Amino acid sequence: MTPAAAAPVPTLVERFERGLDAPICLTWELTYACNLACVHCLSSSGRRDPDELSTAQCKAVIDELQCMQVFYVNIGGGEPTVRRDFWELLEYATARGVGVKFSTNGSRIDRAVAESLATSDYVDVQISLDGATAEVNDRVRGAGSFDTAIGAMRNLHEAGFEDFKVSVVVTRENVGQLDAFKAIADRYGAQLRITRLRPSGRGADVWDELHPTQAQQRRLYDWLVANGENVLTGDSFFHLSALGGPLPGLNLCGAGRVVCLIDPVGDVYACPFAIHDEFLAGNVLGDGGFSSVWRESDLFRELRESQSPGACSSCDFYDSCRGGCMAAKFFTGLPMDGPDPECVLGNADEALAARKAVPPRSPVDHSRLRIVNGVETPNPMPIELPKVEHVPDRACDENPLAGFWNGARKVSG
Amino acid sequence: MPFDPALPWTLDPQVAIRPESFGGLAYHFGTRRLSFLKSPALRDLVLSLADHPSAEDAIEAEGIPASERRQYESALGTLAETGMITARTTNTEAMVAA
């Protein structure tokens, strides 16, 4: 985001805090179905939900977005391209002037798809990659997923698709690879986007092991100061502002103010990291549709009022970090009016150590199930993944997870 | 191209403007760049550029006080640099209207 003239003035930030007539940046998860099972999946995706919006319902949402002049929508999932009507919906949106940036693991971006995508100004593609090497990436995203993502990037690049996005969730394991990620993006004519690991969805299971350490946060901050102008971050890292000056990007929590999430069944949440009843504002199928949820829901109105700094009120840096990320606090069991669990001044350390209750978990979980002792059990992948060489089951089998579930089958059988 | 207020300008055809209480948002579908138009007057000015033989005339017609002209020209300059507005090579609309 670049202001038209000079840096954004504080009054503009204040306006954002009070909310806009329509979101600037709307995330729409089209399906909970996914052919991967990433350990940190923020939406606990895996299986399709039987109540996912139909094609006609999706088109009605797009009509509404057109009326509200939402310039573009970030479509994700799950893996959105596994929906049979994905390309139809993509065409429907772009024909109505609603741009689409969709996030994908790259498994469906073959040469023909890449060539067709390259012809539209209204489509942007974001390839997820969580390691600059197969070793680091595949431990989080599953065996073969690195090669799949790189293959998709090569196809887009060769098709002449410029400036697609390579999207990285920064973890303890990949934070040392930022330059390498940048080099990968540069090699394929893409732009690097980095975001923050949230303890949302299955992310809660791995957050303790994977979120960057304090020392790594400092290095991340320095890297962003040096490289941030050419790297997209959205509103990911404003909690780092207490380490120095504000970073490029949006330095406030946009939840319910300039961003929100529509989930596959049409539920509207304050942000993509907040799939929980606590942050549920309404459903697009309700009276008045999405626009009335955005403009009139009690939750969003509340989020647009000034928030209490609570335990952060005595902190000199409150004005720059604003208490950090709401979802990160909630899913680590911290009070909403206190420091972010990754507070760079360490102000949350005591509260984290003193927690008595188990942090809240999202009741929305579409992780694939496995049978353990005759009982269906959610199946997030363990972080200690077996390091096996990827050998396709069949010559034509391109599923990046081919063979991956052998371990689970053994358990069940 | 560098911004010259004496020339005719127009909103780039790939740019959409959304009015907001503070002014507006401008989004360029080609560069995927988002810009903030920080006052309703700037938004109206940008939208009216195509109707005037020059940016200066558009500023005049919008009733921008002389003391603020430089500020508005500078904002238009930034929008020109980022491709949000482009110079019209011929004044087609005016010719058609005539």
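Rules used in this analysis
- Sequence order sets the numbering: in each chain, residues are counted from 1 along the sequence as written.
- The order in which chains are written sets their letters, starting at A; the order in which ligands are written sets their numbers, starting at 1.
- This being a predicted model, a pLDDT of at least 70 is required before a residue's local features are given, and a value of 80 or more before pairs of side-chain atoms are given or counted; all residues contribute to the totals for chains, interfaces and linings.
- Axes here mean lines fitted to C-alpha atoms, for a helix over just the part in contact, with angles spanning 0 to 180 degrees between N-to-C directions.
- For helices the rule is a DSSP run of H or I covering at least 4 residues; for strands it is a run of E covering at least 2, with both sets numbered from the N terminus onward.
- Roughly parallel means an angle under 35 degrees; roughly antiparallel, over 145; roughly perpendicular, 65 to 115; everything else is oblique.
- Crossings are sorted by hand: turned counterclockwise from the far helix by less than a right angle, the near helix makes the crossing left-handed, and turned clockwise it makes it right-handed.
- Two residues qualify as a contact pair if the distance between their C-beta atoms, derived from the backbone, is within 7 Å.
- We call Asp, Glu, Lys and Arg charged. Ala, Val, Leu, Ile, Met, Phe, Trp, Tyr, Cys and Pro are nonpolar, and the rest, Gly among them, are polar.
- To define a nonpolar core, we join buried Ala, Val, Leu, Ile, Met, Phe, Trp, Tyr and Cys residues through C-beta atoms within 7 Å and take the resulting set.
- Counting other C-beta atoms within 10 Å of a residue's own tells you its class, since 20 or more makes it buried, 12 or fewer makes it exposed, and anything in between is partly exposed; those C-beta atoms are placed from the backbone.
- Expected helix span is computed as 1.5 Å times (number of residues minus one).
- Taking the helix axis as origin, the arc is that swept by the directions to the C-beta atoms.
- Any two strands between which DSSP finds at least two bridges are classified as paired.
- Each residue carries a pLDDT value, the predictor's own confidence for that position, ranging from 0 to 100.

Novice: For this particular structure, what's the right way to read the packing of helix α2 (residues 55–67) of chain A against helix α3 (residues 86–95) of chain A?
Specialist: The packing of two helices is summarised by the inter-axis angle and the distance between the axes. Residue and element names in this part refer to chain A. Two elements in contact, α2 and α3, have axes whose closest approach is 10 Å; the angle formed by their N-to-C orientations is 20 degrees. Relative to α3, the element α2 is oriented roughly parallel. Note that α2 runs across α3; the crossing there is right-handed. Two secondary-structure elements touch here, α2 through Thr55, Cys58, Lys59 and Ile62 and α3 through Glu88, Leu89, Tyr92 and Ala93. Of the residues that constitute the contact of α2 with α3, the class distribution is 5 nonpolar, 1 polar and 2 charged.

Novice: Please explain the interface of chain A and chain B as it appears in this structure.
Specialist: One frequent convention defines the size of an interface as the accessible area lost when the parts assemble. Across the contact, 18 residues belong to chain A and 21 residues belong to chain B. By residue class, the composition of the side of chain A that touches chain B is 10 nonpolar, 4 polar and 4 charged.

Novice: Sorry if this is basic, but what is going on with the nonpolar core here?
Specialist: General note: in soluble globular proteins, nonpolar side chains tend to be found buried as a group. The biggest cluster of nonpolar side chains holds 134 residues, and the ones touching the most others in it are Val73, Val100, Val166, Tyr269, Cys271 and Ala274 of chain A. Dropping the residues within four chain positions of it, Val100 of chain A is found in contact with Tyr72, Val73, Ile75, Leu90, Ala93, Thr94, Tyr122 and Val123 of chain A.

Novice: I tried to follow helix α9 (residues 214–227) of chain A on my own but got confused; where do I start?
Specialist: Given 3.6 residues per turn, any residue in an α-helix points the same way as the ones three and four places further on. All names here are of chain A. If you check α9, its first and last C-alpha atoms are 20 Å apart, about what 14 residues at 1.5 Å a residue would give, namely 20 Å. For α9, the set of buried residues is Gln217, Leu220, Tyr221 and Leu224. The buried residues of α9 occupy an angular sector of 100 degrees when projected down its axis, which confines them to one face. Exposed side chains of α9 directed beyond 90 degrees from the buried face belong to Ala215 and Ala226. Packing partners of the buried residues in α9 comprise β5 (165–170).

Novice: How should I be thinking about the sheet that holds strand β9 (residues 280–283) of chain A in this particular structure?
Specialist: Backbone hydrogen bonds are what pair the strands of a sheet, in a parallel or an antiparallel way. All names here are of chain A. Ordered by their spatial adjacency, 9 strands build an open sheet running β6-β5-β4-β3-β2-β1-β7-β8-β9, and the pairing between neighbours is mixed. Both edges of this open sheet fall to β6 (191–196) and β9, since each of them pairs with a single strand only. Each adjacent strand pair in this sheet contributes to an overall mean axis angle of 25 degrees, direction not counted. In terms of strand pairing, strand β1 (residues 25–29) meets strand β2 (residues 72–76) through 4 bridges, oriented parallel.

Novice: Could you clarify how one ought to interpret the confidence of the model for chain B in this entry?
Specialist: Caution applies to low-pLDDT regions: their predicted coordinates should not be interpreted in detail. Residues and elements named next belong to chain B. Summary statistics for chain B give a mean pLDDT of 89 and a share of 90% for residues scoring 70 or more. pLDDT under 50 marks residues 94–98. Its contacts with residues more than four places away, or in other chains, come to 1 contact. For this predicted complex, the interface confidence reaches an ipTM of 0.81, while the overall pTM sits at 0.85.

Novice: Where do I start with the pairing of strand β2 (residues 15–20) of chain B in this structure?
Specialist: On any regular strand, side chains alternate: one points to one face of the sheet, the next to the other face. All names here are of chain B. As paired strands, β2 and strand β3 (residues 23–28) are joined by 6 bridges and run antiparallel to one another. Bridging from a neighbouring strand, Val15 pairs with His28 of β3. Hairpin connection, β2 to β3: the antiparallel pair is bridged by 2 residues.

Novice: Any chance you could explain the packing of helix α5 (residues 134–141) of chain A against helix α6 (residues 145–158) of chain A here in plain terms?
Specialist: Residues and elements named next belong to chain A. Viewed as axis vectors pointing N to C, α5 and α6 meet at an angle of 110 degrees, and their least axial separation amounts to 8 Å. By the angle between their directions, the pair α5 and α6 is classed as roughly perpendicular. The residues of α6 that touch α5, namely those facing Ala134, Asn137, Asp138 and Arg141, are Ser145, Phe146 and Asp147. Grouping the amino acids of the contact of α5 with α6 by side-chain chemistry returns 2 nonpolar, 2 polar and 3 charged.

Novice: Would you explain the environment of Leu49 of chain B in this entry?
Specialist: Residues and elements named next belong to chain B. Among the secondary structure elements, Leu49 is positioned in the loop between α1 (40–48) and α2 (55–61). On the basis of neighbour count, Leu49 is assigned to the buried category, with 22 C-beta atoms found within 10 Å. On a C-alpha basis, the gap between Leu49 and Leu11 in space is 7.1 Å, while along the polypeptide they are 38 residues apart. If sequence neighbours within four positions are ignored, Leu49 has contacts with Trp9, Thr10, Leu11, Ala55, Ala58 and Ile85.

Novice: Looking at this model, I keep getting lost on the environment of Tyr72 of chain B. Mind explaining?
Specialist: All names here are of chain B. Along the chain, the position of Tyr72 falls in helix α3 (residues 69–81). On a C-alpha basis, the gap between Tyr72 and Leu42 in space is 7.0 Å, while along the polypeptide they are 30 residues apart. If we ignore the near neighbours within four places in the chain, the residues touching Tyr72 are Leu42, Leu45, Ile59 and Ile64.

Novice: Would you take a moment to explain the sheet that holds β3 of chain B for this structure?
Specialist: Residues and elements named next belong to chain B. Read across the sheet, 3 strands follow the order β2-β3-β4 without closing on themselves; strand pairing throughout is antiparallel. Each end of this open sheet is capped by a strand with a single partner; those strands are β2 and β4 (33–37). Direction aside, neighbouring strands of the sheet carry axes that sit 20 degrees apart on average. Alignment of β3 against β4, held across 5 bridges, turns out to be antiparallel. Within β4, the position partnered with Tyr27 by the bridge is Leu34.

Novice: What's the story with α2 of chain A in this structure? I'm lost.
Specialist: Residues and elements named next belong to chain A. Between its first and last C-alpha, α2 extends 19 Å over 13 residues, near the 18 Å set by a 1.5 Å rise per residue. Within α2, the full set of buried residues consists of Cys58, Val61, Ile62 and Leu65. Buried residues of α2, seen end-on, are gathered within an arc of 100 degrees and therefore sit on one face of the element. Among the structural elements, β2, α3, β7 (259–262) and α10 (289–296) are those in contact with the buried residues of α2. Looking one or two residues past α2, Gln69 carries a phi angle of roughly 60 degrees, positive in sign.

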